[in-house]
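This is what each chain is made of:
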Amino acid sequence: MKNMNIVMVALALAVLLSFSTVSGESEKVLRVAAMWDIPSIDPDDRGDAWAEKTLVTETLVKSDQNYRLLPQLALSWEQLDDDTWEIKLRDDVLFHDGGKMSADDVKFTLERGAELDSTIANFLNLDHIDVVDPVTLQIHTKEPNSMLPSILHYPELGIISRNSMDNEGILRQPIGTGPFKFESFDEKTHVLTVMKNDKWWGGSTQIDRVVTIPMTDANTRSSAIEKGDVDFTVDIPYSETNRIDSLDGVNARVYNTSYLYRLDLNINHDPLSDIDVRHALSYAINRDDIVKYVLFGVGSADSVPFSSEMPWANRSVRRYDYDPNEAEELLRNAGWKDDDGDGILDKDGKPLELSLLTYATRPGLVPVAEALIGELASIGVRANLDVLEWGAIEKRRSEGDWDMVLFATNSALIPDPQYYLERSYGTGGSYNYVGYSNPRVDELLSESMATRDMEERYDLLREVQSITQEEAINLVIAHYGMVVAQRDSIKGFEFYPTAHDYRLNPEMDIED
């Protein structure tokens, strides 16, 4: 598999070189190495590739760096009653094929997204959508849905024209509204090329083309930006950040994100079914040292999912500051002792031994996992690491064959606390991998959805944070930092913490 990835990257770089040769010196082409594959031309497969990484599609709502919702294709949104939202659209937006965006296209996109994506379906909870007039639609939900405006920020809900589909309902070309429009997609290399949209409602862009090449290996991305094969990339190996930043013509910057390094614990397995053991594991983790020495300062140490900058964060929840003595005492109280003197705790003749799964696509995960093995060993817990593809991890999870999984997850891809809390702790939530079910948590989540006052909603969800932080079914290791490496000639980039890794912005330019 690794050799195949190397071959695909080589082919993709050849495509880039060929494209650069024919594009002409006067054309401004931004060459981007993305850390994820682009599986197809369908925006529902990876909406962030189209709404964030290439700006082909646009959502109804956007957000700023402080998680505040702002109009984009929608001018306004108003809750008419518990189950009805009215959306007013801009009337000056053209699709890339020249057709005017209308409420019919928006209805089509929302309904298609709910049909194809269970996350969208669960959060929209659509009953039906009425088109009032070409610039007005009313969204009716099955139950009260106070977070609906935030859901319209989700990148998979970037608006596309009905003309994107053929007569058989198959998407043939993504026709969006953004500052760039689809030009080509290489089926072998998955290199995606987009070109400037001269009729964009938001004005004009300085960049003529963006060529995006998937590079899933962090070292390959680092080499590509260093050699000048690409102009922009993210998440190079963190140990390389300062060296890359010191190179002539290149800079590397670190940004705070809404991502987390999260360690899920299988509470259906002994000994992790014991809350004292889960608390002990959390107290045994020296998060400050992990960020400082393992992540090279890229990220921030924390044991809670929401950073203090987020307006909905509960700043008084239980925190698990490094305390190995407390960890050891909790384990002793739970009956774990080193009876045979091998350095590993045991109970009833069984050692305290756990599996630890992670994947290598994000450069910090394997080093953090290796650090966790050492941290846990210091309190007598043996952890056995397997580095797998994400699909293999999901298979192990579905079969119940796991103890701990370290992964990265976004807490604000939808800028509302309900997004993370519902998925992680609500009964049946899509990121609730252990089947956690707490009637009080479900009650609070449901009540939040029915509450119109935002601060009242936040108070309800702060209580959810308190409960789930205490129960420790997963442990936050740190908040994720994102390294953005780009040529010095690239100007105007801004980082948005709600993005899935990064979001280009139409103000970007390439200077000679």
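In what follows, the structure referred to is the one given above.
The rules behind the values
- Residues numbered from 1 in each chain as written.
- Predicted model: local features only at pLDDT ≥ 70, side-chain atom pairs only at ≥ 80, totals over all residues.
- Heavy atoms only, no water.
- Salt bridge = Lys/Arg side-chain N within 4 Å of Asp/Glu carboxyl O.
- Helix = DSSP H or I, 4+ residues; strand = E, 2+ residues; numbered from the N terminus.
- Buried < 20%, exposed > 50% of the residue type's maximum accessible area, 1.4 Å probe, protein only.
- Pairing = 2+ DSSP bridges.
- Phe/Tyr/Trp six-rings, centres within 6.5 Å; stacked < 30°, edge-to-face > 60°.
- Lys NZ or Arg CZ within 6 Å of the ring centre and 35° of its normal.
- Contact = heavy atoms within 4.5 Å.
- Polar contact = N/O pair within 3.5 Å; in protein donor to acceptor, adjacent residues only side chain to side chain.

J.: Would you take a moment to explain the pattern of salt bridges for this structure?
T.: Two side chains bearing opposite charge may form a pair once their charged atoms approach each other closely. On inspection of all chains with the given rule, the structure shows 29 salt bridges. Aspartate 302 is the partner of arginine 319 in a salt bridge, and the nearest nitrogen-oxygen pair spans 2.6 Å. Of the two residues, arginine 319 sits in the loop between strand 13 (299-301) and helix 10 (324-333) while aspartate 302 sits in the loop between strand 13 and helix 10, which places them 17 residues apart along the sequence. Judged by relative accessible area, which is 14%, aspartate 302 ranks as buried.

J.: Sorry if this is basic, but what is going on with the pairing of strand 4 (residues 74-81) here?
T.: Here is the key point about a regular strand: its side chains alternate between the two faces of the sheet. Sheet topology places strand 4 next to strand 5 (residues 84-89); six bridges connect them, and they run antiparallel. Residue aspartate 81 lies in a different strand from strand 5, and its bridge partner there is threonine 84. Between the end of strand 4 and the start of strand 5, which pair antiparallel, lie two residues.

J.: Help me out: how do you make sense of unusual backbone geometry in this one?
T.: What you tend to see is this: most non-glycine residues have negative phi, and most peptide bonds are trans. Cis geometry is adopted by the peptide bond preceding proline 271, which originates at aspartate 270 and carries an omega value of 5°. Mapped onto the elements, proline 271 comes out in the loop between strand 12 (250-265) and helix 8 (275-283). Unusually for a residue other than glycine, tyrosine 67 sits at a positive phi of about 70°. Note that tyrosine 67 resides in the loop between strand 2 (61-63) and strand 3 (69-71). If you check the backbone angles, aspartate 501 has positive phi at about 85° while not being a glycine. Assignment of secondary structure puts aspartate 501 in the loop between strand 20 (490-491) and strand 21 (509-510). Given the relative accessible area of 1%, aspartate 501 is considered buried.

J.: What is the right way to read the packing of aromatic side chains from this model?
T.: Per the counting criterion, the structure on display carries 21 aromatic pairs. An angle of 65° between the planes, with centres 5.2 Å apart, marks the rings of phenylalanine 232 and phenylalanine 493 as edge-to-face. Of this pair, phenylalanine 232 sits in strand 11 (residues 232-234) while phenylalanine 493 is found in the loop between strand 20 and strand 21, placing the two residues 261 residues apart along the sequence. An aromatic cluster is present here, built from Tyr67, Phe306, Trp312, Tyr420, Tyr425, Tyr436 and Tyr458 joined pairwise through their rings. The positively charged end of arginine 362 is found above the aromatic ring belonging to tyrosine 259, 4.5 Å away from the centroid. Taking NZ or CZ as reference, arginine 397 lies 5.2 Å from the ring centre of tryptophan 402, over its face.

J.: Would you explain the environment of glutamate 27 in this entry?
T.: The residue glutamate 27 is located in the loop between helix 1 (2-23) and strand 1 (29-34) in this model. The spacing of glutamate 27 and aspartate 208 is 181 residues in sequence and 6.2 Å in space, taken between C-alpha atoms. Glutamate 27 has contacts with Asp208 and Arg209, leaving out every residue within four places of it along the chain. There is a polar contact of 2.2 Å between the side chain of glutamate 27 and the side chain of arginine 209.

J.: Even after reading the chapter, I still don't get the pairing of strand 18 (residues 404-410), so can you show me in this structure?
T.: For strand 18, the tally of buried residues reaches seven of seven residues, placing the bulk of the element in the interior. Residues Met404, Leu406, Ala408 and Asn410 point to one face of strand 18 and Val405, Phe407 and Thr409 to the other, with burial holding for every one of them. Pairing geometry for strand 12 and strand 18, over seven bridges, is antiparallel. When the sheet's bridge partners are listed, leucine 265 is paired in strand 18 with methionine 404.

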